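Chain by chain, the residues run as shown.
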Amino acid sequence: MQISTSLFYNNASSRLSKMGERASELQTQIATGKKIIKPSDDPAGAQQLAELDRRDADAAVYGNNMTLASSLLDQADGVLKQINAQLTRATELATQATTGTQTDASRKIIATELKSIVGSLVSLANSKNVRGQPLFGTAAGGAAVTDNKDGTFTFPTDAPVSEVPIADGQTVQATESAKTIFDLGGGDDTLTLLSRMAATLNAGGDVSAAMGTSLDSLSQAVNQVADVTASIGARNARVDLQQQLLTTANTDRADLRGKLEQVDVTDAIVQLQQMMTALSASQASFTKLSQLSLFDYLK
C-alpha cells in the first residue's frame, strides 16, 4: 500500500508539475509574443532563427557600407561635374587664345586664368570625403595629387582606391583615383597640359600650332572626365539596385521570422484558459483523493 500511495503522489505531482509548466510557458508566450522561448521548445526553428540573426547582422553591415558607398559616389559625381566645368572654361580660353585678334598681353591674361583653373582642379582633386580623407586619393589616405610648383604634378601609384563590400562576394569601388581622372596617356596629364598651355601663352609669339595641339589633348581630357563620370554613375546605379535587393531580402526574412517566432496570442490565451481550468480541476481532485483513507477505498 505504501508503494501505491507513493506512486499516486508521484504521478499526481508529475502531472500537476507538467500542467503548471505548460501554463507558465503559455503565459510567457502571451507576454513576449514569441512561441520559441528557449531552443529546446523547437530546436529546428531555433536553428533557423539563429541563421536569420546572422543574416540580419550581415545585412546591417552591408547596408551601412552601401550608404557610405552611395555617399562617396554622389560626392565624386558632384566634384567631377565641377572639374568638367573648369575644363570647359579652359577649352573656351584656349580657343580664344588661338584667334588672330589676341595680343601677347591678352594671352598673358588668359594664361593667368588657366593657372587659376589648374589650382582649382588640384583643390577639387584633393577634396575631402565624409571620412576626412582625399576623395580621389588612395586607400591609404594619401593626397590625390601634389603640385610640384614647376608645372608638373605627382599622382600616387602605391595603392589602388579601396573597394567597399556591398554583398557576399561583391564589392564596389566607391570613388576614383585622380590619376585615372587626369591621365592622358604617354606620361602626360591634364594638369601638366594646362600648365604647359599657360607657359606657352606667357612666352608670347605665334602660339597657333602649339595651342592647336593642346586643344586636341584638352578635348581628350574632357572626354576622360566624361568617361569617369559615366563609370561613377554606373556604380551608383549598381549600389541602388543592391540596396533594393537588400530591402526585399530584409522584408522576406522578417516575414519568415514572424512565422517561426511569433505566437498566435488569441490561440495561446484560449489554450491557457483551458490549461488553467484543467489544472484547477486536477488540483481539486488531487486534494480530495489525497484525503481518502484505506477504509474509504475499501467501501
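Structure: see above.
Residues numbered from 1 in each chain as written. Predicted model: local features only at pLDDT ≥ 70, side-chain atom pairs only at ≥ 80, totals over all residues. Heavy atoms only, no water.

A.B. asks: How should I be thinking about the overall build of the chain in this particular structure?
C.D. replies: Within the chain, the regular secondary structure consists of eight helices and six strands. Starting at the N terminus and walking to the C terminus, you meet the elements of the chain as α-α-α-β-β-β-β-α-β-β-α-α-α-α. Evaluated residue by residue, the chain yields a buried proportion of 34% over its 299 residues. A separation of at least 24 residues holds for 70% of the contacts in the chain among residues at least 6 apart in sequence. Here the chain displays about 16400 Å² of accessible surface, and carbon together with sulfur accounts for 54% of that area. (Helix = DSSP H or I, 4+ residues; strand = E, 2+ residues; numbered from the N terminus. Buried < 20%, exposed > 50% of the residue type's maximum accessible area, 1.4 Å probe, protein only. Contact = heavy atoms within 4.5 Å. Areas by Shrake-Rupley, 256 points an atom, 1.4 Å probe, with all protein chains shown as cover.)

A.B. asks: Explanation requested: the pairing of strand β4 (residues 170-173) in the structure shown.
C.D. replies: Judged from the four bridges that link them, strand β3 (residues 163-167) and β4 form a sheet pairing that is antiparallel. Paired with Ala167 across the strands is Gln170, a residue of β4. Between β3 and the antiparallel strand that follows it, β4, lie two residues; Gly169 among them carries a positive phi value of about 75 degrees. (Pairing = 2+ DSSP bridges.)

A.B. asks: Got a minute to help me understand helix α3 (residues 104-125) in this structure?
C.D. replies: An α-helical segment advances 3.6 residues per turn. Residues three or four places apart therefore align on the same side. The end-to-end C-alpha distance of α3, which contains 22 residues, comes to 31 Å, matching closely the 32 Å that a straight helix rising 1.5 Å per residue would cover. For α3, every residue scored as buried is listed here: Ser106, Arg107, Ile110, Ala111, Leu114, Ile117, Val118, Leu121, Val122, Leu124 and Ala125. Buried residues of α3 fall within an arc of 165 degrees about the axis and therefore sit on the same side. In α3, the exposed positions that point more than 90 degrees away from the buried face belong to Ile109, Thr112, Lys115 and Ser123. (Expected span 1.5 Å × (residues − 1). Arc of directions from axis to C-beta.)

A.B. asks: So what exactly am I meant to see when it comes to the pattern of salt bridges here?
C.D. replies: By the definition in use, this model includes 13 salt bridges. One salt bridge connects Arg257 with Asp53, and the closest N-O pair in it is separated by 2.8 Å. Residue Arg257 is located in helix α6 (residues 208-261), and its partner Asp53 is located in helix α2 (residues 43-97); the two are separated by 204 residues in the primary sequence. Assessed through its relative accessible area of 17%, Arg257 is described here as buried. By relative accessible area, Asp53 is classed as partly exposed at 42%. For Arg235, the salt bridge is made with Glu176, and the minimal N-O distance between the two is 2.9 Å. Of the two residues, Arg235 is situated in helix α6 and Glu176 in the loop between β4 and α4 (178-182); the sequence distance between them amounts to 59 residues. In this pair, the class of Arg235 matches that of Glu176, namely buried. (Salt bridge = Lys/Arg side-chain N within 4 Å of Asp/Glu carboxyl O.)

A.B. asks: I'm lost on helix α5 (residues 190-203) in this one. Help?
C.D. replies: Here α5 is 14 residues long and its end C-alpha atoms lie 20 Å apart, about the 20 Å a rise of 1.5 Å per residue gives. Of the positions making up α5, those classed as buried are Thr190, Leu191, Thr192, Leu193, Leu194, Ser195, Met197, Ala198 and Leu201. Two to three positions downstream of the cap, the backbone nitrogen of Leu191 sits 3.0 Å from a side-chain oxygen, assigning the N-cap of α5 to Asp189. (Polar contact = N/O pair within 3.5 Å; in protein donor to acceptor, adjacent residues only side chain to side chain.)

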